[in-house]
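# Survey of secondary and tertiary structure
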Amino acid sequence: MVVVAGARPNFMKVAPILKVLETRSECFPPVLVHTGQHYDHEMSATFFRDLALQEPHHYLGIGSGTHAEQVARAMLALEPVLEAERPEWVVVVGDVNSTVAAAFTAVKMGIPTAHIEAGLRSYDRRMPEELNRVATDSICDLLLTPSEDADANLRREGIPAERIVRVGNVMIDSIVAHLPAARALRAWEGEGCGERRYVLITLHRPSNVDAIEKLTQIIDALCEVARDIPVLFPAHPRTAERLQLIRGHHRSKRLRIVRPMGYLAFLSVLSGARVVLTDSGGVQEESSFLGIPCLTFRENTERPVTIERGTSRLIGTDARRIVPSIQESLQQELTGPRPIPLWDGHAADRIVASLLRVRDDFKRGM
Ligand code: UD1
Ligand code: UDP
């Protein structure tokens, strides 16, 4: 089986799957392909170390570029790899450009292809990820979903029930495996913060950070929050690039803008935070699982279960909402996590079981 990863949110999704595949004697050893969409040490290599991931067998080095450039480069580089490997499955995860590129390449070559985290929909086609999700799901042979809403979305799109299997959330497998080590790190101390005495921020959606005016309003709001409580902001490279253009943005010593963190350090500071403000998909899920209040700085989410059963609250994308939303959250008591069905640390077992079952069905010509 070929498993494809390319960007930061992919690595903690493929790690548990690779681990299970390596222990199953009825599969060939998995082949990991890294497209190279993310390439900085702190966006890629550090996750291989923290998640004890094997070195990729193939590194495609596609790098940054326009959407068309990234997708095209990934397809061109992946095709000969798949030609040589001729795997029984290609497994793609998430919703980044590498995901749709790999799915399209594999499906066009007639290789059975499975999408992990299928069926999520924000119903906002201005989001590049929404196009990637819809396109990937429409062509993959097997759609492995994290939650009930995802199954319903796929059924509404006319996808036959036999292509859909609910397996749960594989990101949670990584948290379950690594939380004790992450907690033991107490990484908030290294950032000069006390446990439950800081707000954690991650923002990287183009719609929030690309326009300097908008980003300046956000930073102004965070400086105001920092008067009450320290704010820790590990900045994605897209965001960091724009922040350099905002002169004097370090107006508050208690707003700490730092480099992107490795998986364990980030999980540590997330688990110790009082509240998190984010536009990340994964962080909404992780904070829900950990019971950390999450203010989602977006108009919509493809992960409604984090609102219905988790800790996330959509606050929109008006920077004026930041200060009152955080203040309100700081006044509320912490309630802790509520279990979400199939977010239990065993999604990778169910994923591999589904891949093997469907492979055997294909072999029997069903
Ligand atoms: C991508 C995904 C997004 C995901 C995010 C996770 C797409 C369309 N977007 O967005 O869904 O939420 O990853 O982090 O696939 N850069 C670096 N170093 C790196 C990588 C990127 O400096 O290692 C900079 C480059 O200037 C690049 C910019 O970040 O142009 C954006 O990178 P890109 O991969 O195009 O999109 P992301 O914003 O990271
Ligand atoms: N993450 C990390 N370091 C950081 C910020 C995020 O390790 O500085 C992890 C986080 O725990 C989550 C994943 O990156 O598992 C989410 O990726 P990101 O927010 O980049 O993408 P999205 O989920 O929005 O696609």
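Up top you'll find the structure we're talking about.
Residues numbered from 1 in each chain as written. Chains lettered and ligands numbered in written order. Predicted model: local features only at pLDDT ≥ 70, side-chain atom pairs only at ≥ 80, totals over all residues. Heavy atoms only, no water.

A few words now on the state of the cysteines. Enumeration according to the criterion identifies 0 disulfides in this entry. Free of any disulfide, Cys193 has its nearest cysteine sulfur in Cys223, 15 Å distant. Here Cys294 is not disulfide-linked; the sulfur of Cys193 is the nearest cysteine sulfur, at 18 Å. (Disulfide = S-S within 2.5 Å.)

Okay, the site of ligand 2 next. Neighbouring residues of ligand 2: 17 residues in total, closest Arg205, Met261, Ser280, Gly282 and Glu286. With respect to ligand 2, the side chain of Arg8 contributes an N or O atom lying 2.9 Å from an oxygen atom. A distance of 2.7 Å is found between an oxygen atom of ligand 2 and a side-chain nitrogen or oxygen belonging to Ser280. Across the complex, the protein chains shield 97% of the 530 Å² of accessible surface that ligand 2 would expose by itself. For the shell around ligand 2, the elements supplying multiple residues, two or more each, are helix H1 (8–23), helix H12 (263–271) and helix H13 (281–290). Residues of the shell around ligand 2, tallied by class, amount to 9 nonpolar, 5 polar and 3 charged. (Near = heavy atom within 4 Å. Polar contact = N/O pair within 3.5 Å; in protein donor to acceptor, adjacent residues only side chain to side chain. Areas by Shrake-Rupley, 256 points an atom, 1.4 Å probe, with all protein chains shown as cover. Helix = DSSP H or I, 4+ residues; strand = E, 2+ residues; numbered from the N terminus. Nonpolar A, V, L, I, M, F, W, Y, C, P; charged D, E, K, R; others polar.)

What follows is about the site of ligand 1. Neighbouring ligand 1 are 18 residues, the closest being His38, Asn97, Glu129, Arg238 and Glu241. One of the side-chain nitrogen or oxygen atoms of Gln37 is found 2.9 Å away from an oxygen atom of ligand 1. One of the backbone nitrogen or oxygen atoms of Asn97 is found 2.8 Å away from an oxygen atom of ligand 1. Burial of ligand 1 by the protein amounts to 88% of the accessible area it has alone, namely 740 Å². Within the residue set of the shell around ligand 1, elements represented by two or more residues are helix H3 (67–85) and helix H11 (237–243). In terms of residue class, the shell around ligand 1 is made up of 5 nonpolar, 8 polar and 5 charged.

Before going further, it helps to examine the sheet that holds strand E8 (residues 199–202). Ordered by their spatial adjacency, 6 strands build an open sheet running E10-E9-E8-E11-E12-E13, and the pairing between neighbours is parallel. What marks the edges here is a single partner per strand, and that holds for strand E10 (255–258) and strand E13 (312–314). The average angle at which neighbouring strand axes cross in this sheet is 20 degrees, direction not considered. As judged from the 3 bridges shared by strand E12 (residues 294–296) and E13, these two strands associate in the parallel manner. Its bridge partner being in E13, Leu295 is matched across the sheet by Arg313. (Pairing = 2+ DSSP bridges. Axes fitted to C-alpha atoms, helices over the stretch in contact; angles between N-to-C directions.)

Moving on, we get to the pairing of strand E1 (residues 2–5). Regular strands show a simple pattern: their side chains alternate between the two faces of the sheet. Because side chains alternate across E1, one face comprises the buried residues Val2 and Val4, and the other comprises Val3 and Ala5, equally buried. Here E1 pairs with strand E2 (residues 31–34) via 4 bridges, running parallel. Paired with Val3 across the bridge in E2 is Leu32. Taken together, E1, H1 and E2 form a β-α-β motif whose crossover is right-handed. Both E1 and strand E4 (residues 90–93) contribute to a ladder of 3 bridges, which runs parallel. Across the sheet, residue Val4 finds its bridge partner in E4, namely Val92. (Buried < 20%, exposed > 50% of the residue type's maximum accessible area, 1.4 Å probe, protein only. Right-handed = clockwise from strand over helix to strand, strands pointing away.)

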